[in-house]
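Below, each chain spelled out in residue letters.
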Amino acid sequence: MSASLSTFDSSSVASESRDAAGRGGSRPRVAVVGGGVIGLAIAWRLAAAGCPVDLFDAGETGQGASHAAAGMLAACAEAEPGEDVLLQLNRASQALWPRFAADLEQAAGTGVDLRTEGTLTVALTADDLSRLRHLHALQTALGLPVEWLGGAEARRREPYLAAKVAGAILTPEDHQVDNRKVAAALRIAALGAGARIHEGTPISRVETQAGRVTGVVAAGTRHAADVTVLAAGAWSRGVDIAPAAPLPVRPIKGQMMALQMDPAAPLLSHVLWAPGAYLVPRRDGRLIIGATTEEKGFDTALTAGGLLALLTNAWRALPGLEELAVIEQWVGFRPGSRDDAPILGPSEVEGLVYATGHHRNGILLLPVTTDVIVSQILEGRMDPVAAPFAASRFAPRAAAE
Ligand code: FAD
Ligand code: GLY
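Residues numbered from 1 in each chain as written. Chains lettered and ligands numbered in written order. Predicted model: local features only at pLDDT ≥ 70, side-chain atom pairs only at ≥ 80, totals over all residues. Heavy atoms only, no water.

1. Structural notes on the sheet that holds strand S19 (residues 343-346)
At step 1: Reading across from one edge, S9-S3-S2-S13-S20-S19 is the order of the six strands in this open sheet, with mixed pairing throughout. Sheet topology places strand S9 (196-198) and S19 at the edges, where each strand pairs with a single neighbour. Averaged over neighbouring strand pairs, the angle between their axes works out to 20 degrees when direction is ignored.
At step 2: Of the pairings in the sheet, the one linking strand S3 (residues 53-56) to S9 comprises three bridges and is parallel in character. Of the residues in S9, the one forming a bridge with Asp54 is Arg196.
At step 3: Across the sheet, helix H1 (residues 37-48) lies against strand S2 (30-33), S3, S9, strand S13 (227-230) and strand S20 (352-356), angled at about 170 degrees from S3, the strand it touches most. (Pairing = 2+ DSSP bridges. Helix = DSSP H or I, 4+ residues; strand = E, 2+ residues; numbered from the N terminus. Axes fitted to C-alpha atoms, helices over the stretch in contact; angles between N-to-C directions. Contact = heavy atoms within 4.5 Å.)

And the structure:
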């Protein structure tokens, strides 16, 4: 590679013989590209396991999609036809969340507000009701824990719901967490475990020698590593990973807003999915309303139409919110892959591992992603639940003869 590059800390790189995952007699030195929740959690766990870890973020950690998200852990409410394999991964991660949250809170000494009231998905019109019955049939066929509620029962559980609520599905295992607190806690935990965090340090490309990735390059400086983890969210395609093929990851814009409730008298305690909007009540009284889903690249514009649709749809389900103060609006970028599923595990090039493409479920998928990537790097073992999500699924197929 370019001879004009300076080299950072290469003397301390493990020099023992290594296998394909970069494992040697000592723990591998790891570079993590991207400091959203995914990169931070991997850095935390690897550093805690004894790896020298350097995490690089183009800006400040935790300010990408991990800041923008609603924090829903909604494997059941968001179940889609044809996504059975992804559902298994989502459910596996959902089950890991209570332990993950407890471990993180202990490591960081701060809370992450995992709330376990569950999620209500409501219908307001006859058309909504028939769609909801269809969703309920799908969820039931998939063996998911769901409960059908009549309108009166839904309003008994959430008294501020609109009187016209015609029916609801309760998904009691679909919890929520404050994703901003998770990102902040992960940063503390990663630093506490000994990871080094380099903010304001965009990685332009990986460094390759003799056919394997040997680290990353930022502003002309090499940072050597035995294993490089690409976890740059919606920006993952912007890192030159040649000779690996560019990843099919693109930004999917979401507009969101927050209103302020009285935390002592909140309008809502469950996560609420209404037609055209979801509402997520936080312990501090914030009511998150989301989200648009737009194919507009990295367009950061908040639009009148986007916010109007969110507010109108949220208001139809929870009319009392019209009295609340608007406290924040924002845009975030989901890292969407070609098939809307994450890209996890080894690349076609030695020394490069992927943890990206989490699309709408990166907060939900955080614990399982962390476990999968850590065991891949430390043990060379791909968890079977994650095997269908390898990047190799996008490799061009040989033409039929
Ligand atoms: P990010 O958090 O985006 O982090 C990527 C990081 O990489 C950034 O900090 C960025 O600065 C850094 N970076 C970029 N380029 C470089 C570079 N060249 N070098 C170094 N660093 C770089 N998921 C759920 O599970 N539940 C939800 O309720 C939910 N709601 C959502 C609502 C919205 C509006 C959006 C946008 C997303 C939502 N998601 C939700 C999805 C979830 O937020 C993402 O899947 C998840 O945060 C992805 O995490 P990440 O760490 O991969 O990416
Ligand atoms: N999972 C919610 C969203 O992506 O908007």
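2. Observations regarding the packing of helix H3 (residues 84-108) against helix H8 (residues 366-379)
At step 1: Closest axis-to-axis distance for the H3/H8 pair is 6 Å, and the angle between their directions is 95 degrees. When the axis of H3 is compared with that of H8, the two are roughly perpendicular. Together, Leu89, Ala92, Ser93, Leu96, Trp97 and Phe100 of H3 and Leu366, Pro367, Val368, Thr370 and Asp371 of H8 make up the contact between the two elements.
At step 2: Counted by class, the contact of H3 with H8 contains eight nonpolar, two polar and one charged residues. (Parallel < 35°, antiparallel > 145°, perpendicular 65-115°, else oblique. Nonpolar A, V, L, I, M, F, W, Y, C, P; charged D, E, K, R; others polar.)

3. Observations regarding the site of ligand 2
At step 1: Looking at ligand 2, the residues that line it are Met72, Glu78, Tyr278, Ala291, Arg334 and Arg360.
At step 2: Contact distances for ligand 2 include 2.7 Å between an oxygen atom and a side-chain N or O atom of Tyr278.
At step 3: Within the contact set of ligand 2, an oxygen atom lies 2.7 Å away from a side-chain nitrogen or oxygen of Arg334.
At step 4: Contact with the protein chains hides 89% of the accessible area of ligand 2, taken as 200 Å² for the molecule alone.
At step 5: Looking at the shell around ligand 2, its residues break down into three nonpolar, no polar and three charged. (Near = heavy atom within 4 Å. Polar contact = N/O pair within 3.5 Å; in protein donor to acceptor, adjacent residues only side chain to side chain. Areas by Shrake-Rupley, 256 points an atom, 1.4 Å probe, with all protein chains shown as cover.)

4. Thoughts on the pairing of strand S10 (residues 205-209)
At step 1: Judged by how many residues are buried, S10 sits mostly within the fold: four of five residues are covered.
At step 2: As paired elements, S10 and strand S11 (residues 212-218) share five bridges and run antiparallel to each other. Bridge pairing in S11 places Gln209 opposite Arg212.
At step 3: In this structure, the hairpin formed by S10 and S11 is closed by a connection of two residues, where Ala210 is found at a positive phi of approximately 50 degrees. (Buried < 20%, exposed > 50% of the residue type's maximum accessible area, 1.4 Å probe, protein only.)

5. With respect to the packing of aromatic side chains
At step 1: The tally for this structure, following the rule as stated, stands at six aromatic pairs.
At step 2: Judged by centre distance (5.2 Å) and plane angle (75 degrees), the ring pair of Trp97 and Phe100 falls under edge-to-face. Separated by three residues within a single helix, Trp97 and Phe100 lie in helix H3, roughly one turn from each other. When sorted by exposure, Trp97 lands in the same class as Phe100, which is buried. (Phe/Tyr/Trp six-rings, centres within 6.5 Å; stacked < 30°, edge-to-face > 60°.)

6. Considerations on the pattern of salt bridges
Opposite charge on two side chains makes pairing possible when the charged atoms of those side chains draw close.
At step 1: Applying the stated criterion to the full structure yields 28 salt bridges.
At step 2: Put simply, Arg360 and Glu78 hold a salt bridge, and the shortest N to O gap is 3.3 Å. With Arg360 in the loop between S20 and H8 and Glu78 in the loop between strand S4 (72-73) and H3, this pair connects stretches of sequence that are 282 residues apart.
At step 3: When its relative accessible area of 32% is taken as the criterion, Arg360 is described as partly exposed.
At step 4: Glu350 serves as the salt-bridge partner of Arg212, at 3.2 Å between the closest nitrogen and oxygen. Of this pair, Arg212 sits in strand S11 while Glu350 sits in the loop between S19 and S20, and the two are 138 residues apart along the sequence.
At step 5: Arg212 sits in the buried class, given a relative accessible area of 14%.
At step 6: Residue Glu350 is classed as partly exposed on the basis of its relative accessible area of 41%.
At step 7: Salt bridges sharing partners connect three or more residues here, namely Arg45, Arg99, Asp103 and Asp371. (Salt bridge = Lys/Arg side-chain N within 4 Å of Asp/Glu carboxyl O.)

Keep in mind these numbers describe shape, not what the thing actually does.
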